[in-house]
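Okay, here's what each chain looks like letter by letter:
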Amino acid sequence: MSIVTLTTDFGLKDYHLPVIKAKLLSLSKDVNIVDISHIISPYNILEAAFTLKAAYPHFPNNTIHIIGVDSIYSPENKHLLVKFNNQIFIGPDNGIFSLINDGGVFEYIKEINHPLSEKSTFPVLDVFTDIAGEVLNRYKISAVDRENDQLKKWIKNKPNITDENELIGHVLYIDNFGNLVTDIHKDLFNKFIDGRKFEIALSHIKINQVFDTYHAYTDMSNKVKYRFVSGEALAIFNSLNFLEIALYRSNPNHGGSAASLLGMRVDDSIIIRISH
Amino acid sequence: MSIVTLTTDFGLKDYHLPVIKAKLLSLSKDVNIVDISHIISPYNILEAAFTLKAAYPHFPNNTIHIIGVDSIYSPENKHLLVKFNNQIFIGPDNGIFSLINDGGVFEYIKEINHPLSEKSTFPVLDVFTDIAGEVLNRYKISAVDRENDQLKKWIKNKPNITDENELIGHVLYIDNFGNLVTDIHKDLFNKFIDGRKFEIALSHIKINQVFDTYHAYTDMSNKVKYRFVSGEALAIFNSLNFLEIALYRSNPNHGGSAASLLGMRVDDSIIIRISH
Amino acid sequence: MSIVTLTTDFGLKDYHLPVIKAKLLSLSKDVNIVDISHIISPYNILEAAFTLKAAYPHFPNNTIHIIGVDSIYSPENKHLLVKFNNQIFIGPDNGIFSLINDGGVFEYIKEINHPLSEKSTFPVLDVFTDIAGEVLNRYKISAVDRENDQLKKWIKNKPNITDENELIGHVLYIDNFGNLVTDIHKDLFNKFIDGRKFEIALSHIKINQVFDTYHAYTDMSNKVKYRFVSGEALAIFNSLNFLEIALYRSNPNHGGSAASLLGMRVDDSIIIRISH
């Protein structure tokens, strides 16, 4: 059974999603459709890229990933069929592939030559789903090979060691619990800190320890030093190994989240300073 | 593998949906369940009909569509098994079938004779899913044939050419982006306009061009005449070929949508006037 | 085909859900994943237990149910593999199993011995999904048997007959329509009332009849006694046979729900008094 995933900003209410699924099921009886997310903020390429980048490596080889965010064709936003890390992607050339692959090698980049690309107001259905069906059925696809350097690049902020005592990172994503996922990887963090004392300054709150696990945070031996209460801000390396600022057991609908209480948004800076 | 779709106002939180799916999977191992939408506004038959009408033709023949909106049995709201356009529908006689089939021919209309219909507070589970199982397993179904004219009709507003210079349509649906889908089909619009100049009056905004595609809207050559900016109101024929009023690349959560900025709701009128 | 269900508070936006599904599909090609709910309120064990308790009995025998609510490991919150009523559950020892099984017999309770339990910030992926794969593939699972009395118990309010004229129950759950599901079972209610007249006192509203079906409520013969209008409060035994307070055909987004109009929340008391 082949797998096709869908990442869109279509929401869960409208007819767009079931229509895409109906067409995929008509094109191939042997397809398993997996929703990545459909409540990507409208046109938010960064959010879609973050989500799909985290999810795609867990799928079996040759899974097809359809991207339906900012996918209306224009001469500056052509439709692509792309392969890397043994996974196949179909989506628009809006910079999202440079974010998902993030410096990696491309097995191929093909500019799709589809009669409906220019005309369609619903290219995920008219073009992307069609191409997925052609891949599933091993038909020959009408497309032109592109070089890597012809792919649109998304220039994003990178975490930056400004001097030996300061590391500036950024909020990459705010998750369902309102936790702030940053772009500071555990390896970069540890290399920068190198055993020194530090302070993460966040609005009115200062944090000077990063936990590897929630268990370490809630460990009895730490309870003296760290108040172990719901709603306390803490720093942790998350399951992707990125620094994350969370409120312990917070509910974003009652009492707020890290994002709301610290007043922080995607792309805001997070500064880590060595303390003396 | 057989396909069963679900269109309900049950939302995504409660136990109702997984219970229905569990029962379907118990009745037939070979069933693929596809969600159409479960966030139909409560009891909103128009919204459910619009969504299912747009989605169902894309499914393979003999797909079974279960409708769980306003489905509690009453003598005025009996339970039906209906077939048209090679698709099978199970749902209440609340007018929704006249909206979905919209003047088309019915292959059959059967009034379901189920021991739990009258008693059940959860007829989608107790009755509709049961009947779907009987259809899937090709059992004989206890039901009484009905004539087309015994089916409940939903009388809805129709687009109306009031005189040779005025066409009045209505908002049929507000989609996930807050775009206003109207009941004015491209064919009706073109027949009415017949090459003349026109004006679509919407609150404080006037539009005098309808684009066939977003690409046409964003085409370089139009940039002089039309400001190509996020948030501009535009008219377009959507993928269903109905006139749609959209804000270009709007995010309904930040900065508003066509629906919120124009203060328009489902059933509101949209007037197109010939300008001289 | 084996079935695995997921009950979590992860929401529908983030990468967590598709990653879990990807891993399950990698571990077994023959698995059908069914979502119970992912919009359980964060850390809300009662809500997760209510939902899964209502849904699980409808699944085929040997379905695997993964619980991802409050699942971070601690010495007080170990990871369990549990079987009862021919269904298999994987989740944390936070009291949820005592709520779902509710006094029933356990076929087995096993404390999972997994190398990642203590370390993981995402145990549903790292531990629970892994164990589900081992169950699906009939591998031997490293775990220690536990006795029933070593399972964490959740002490919750029980409906209480305080004297022969007063029954006090509680709001157990607020559903998608804003209806109040109570913990008063039809059998207990009928035994207490025993043919006497009663009054359910709810804020400014008094109800003195419980309907078995919506059809009974809307039955023509009752229309004289009971105003048959949208928005009227009524009491009904729901599909689980628990007393439920609903507003007739209410839309929680427009005009309010039973929960909002009566100002009631989960765990609030509902008092039924015999009237003389």
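Cut-offs applied
- Residues numbered from 1 in each chain as written.
- Chains lettered and ligands numbered in written order.
- Predicted model: local features only at pLDDT ≥ 70, side-chain atom pairs only at ≥ 80, totals over all residues.
- Heavy atoms only, no water.
- Salt bridge = Lys/Arg side-chain N within 4 Å of Asp/Glu carboxyl O.
- Helix = DSSP H or I, 4+ residues; strand = E, 2+ residues; numbered from the N terminus.
- Buried < 20%, exposed > 50% of the residue type's maximum accessible area, 1.4 Å probe, protein only.
- Contact = heavy atoms within 4.5 Å.
- Buried area = accessible area lost by both parts, 1.4 Å probe.
- Polar contact = N/O pair within 3.5 Å; in protein donor to acceptor, adjacent residues only side chain to side chain.
- Pairing = 2+ DSSP bridges.
- Axes fitted to C-alpha atoms, helices over the stretch in contact; angles between N-to-C directions.
- Domains from an automatic or database assignment.
- Nonpolar A, V, L, I, M, F, W, Y, C, P; charged D, E, K, R; others polar.

Asker: Can you lay out the pattern of salt bridges for me, pointing to particular residues and giving the numbers?
Answerer: Taken as a whole and judged by the stated rule, the model has 36 salt bridges over all chains. With a shortest N-O distance of 3.9 Å, Lys-158 of chain B and Asp-102 of chain B are connected by a salt bridge. Residue Lys-158 of chain B is located in the loop between strand E7 (143–145) and strand E8 (160–163), and its partner Asp-102 of chain B is located in the loop between helix H3 (96–101) and strand E6 (108–112); the two are separated by 56 residues in the primary sequence. Overall, Asp-102 of chain B belongs to the partly exposed group, its relative accessible area being 35%. Counted as one network, the salt bridges with shared partners bring together Lys-78, Asp-93, Glu-111 and Arg-146 of chain A.

Asker: Outline the interface of chain B and chain C, listing residues and values.
Answerer: Counting residues at the interface gives 28 residues for chain B, matched by 36 residues for chain C. Note on chain B versus chain C: buried area summed over both sides is about 2700 Å², and carbon and sulfur give 62% of it. Taken together, the links from chain B to chain C amount to one salt bridge. With a closest N to O distance of 3.2 Å, Lys-13 of chain B and Glu-47 of chain C form a salt bridge. If you look at where chain B meets chain C, you find nine residue pairs in polar contact (both at pLDDT 80 or more). Considering every element that reaches the side of chain B that touches chain C, the biggest residue donor is helix H1 (residues 16–27) of chain B, with seven residues.

Asker: For helix H2 (residues 45–55) of chain A, give the residues involved together with the corresponding values.
Answerer: With respect to burial, H2 of chain A is a largely interior element, nine of its eleven residues being buried. What H2 of chain A keeps buried is the set Ile-45, Glu-47, Ala-48, Ala-49, Phe-50, Thr-51, Leu-52, Ala-54 and Ala-55 of chain A.

Asker: Before we move on, can you summarise the sheet that holds strand E6 (residues 108–112) of chain A with the specific residues and values?
Answerer: Residues and elements named next belong to chain A. One open sheet accounts for seven strands, arranged E2-E1-E3-E5-E4-E6-E7; its pairing is mixed. Only two strands of the sheet have a single neighbouring strand rather than two, namely strand E2 (31–37) and strand E7 (143–145). For this sheet, the mean inter-axis angle between neighbouring strands, taken without regard to orientation, is 25 degrees. In this structure, strand E4 (residues 79–84) lies alongside strand E5 (residues 87–92), joined through six bridges in antiparallel fashion.

Asker: Quick one: what's the story with the domain arrangement of chain A, residue by residue and with numbers?
Answerer: Residue and element names in this part refer to chain A. With domains assigned, chain A is organised as domain 1 (2–150) and domain 2 (160–274). Here the C-alpha centroids of domain 1 and domain 2 sit 33 Å apart. Contacts between the two partners involve five residues from domain 1 and, on the opposite side, five residues from domain 2. Here domain 1 and domain 2 share an interface that buries about 470 Å² over both sides, 85% of which is from carbon and sulfur atoms. Inspection of the domain 1/domain 2 interface yields zero salt bridges. The tally of links from domain 1 across to domain 2 stands at zero residue pairs in polar contact (both at pLDDT 80 or more). Looking at the side of domain 1 that touches domain 2 residue by residue, the class counts come to three nonpolar, one polar and one charged.

Asker: Outline the interface of chain A and chain C, listing residues and values.
Answerer: Contacts between the two partners involve 35 residues from chain A, matched on the other side by 28 residues from chain C. Of the roughly 2600 Å² buried at the junction of chain A and chain C (both faces included), carbon and sulfur atoms supply 62%. Considering only the surface of chain A that becomes buried against chain C, His-58, His-215 and Arg-249 of chain A emerge as the three largest contributors, covering 22% of it. Linking chain A with chain C are nine residue pairs in polar contact (both at pLDDT 80 or more), by the criterion used here. Among the elements of the structure, E2, H2, strand E9 (166–174), helix H6 (214–218) and strand E14 (233–237) of chain A are those that each provide at least two residues to the side of chain A that touches chain C. Of the residues assigned to the side of chain A that touches chain C, the class counts are 18 nonpolar, twelve polar and five charged.

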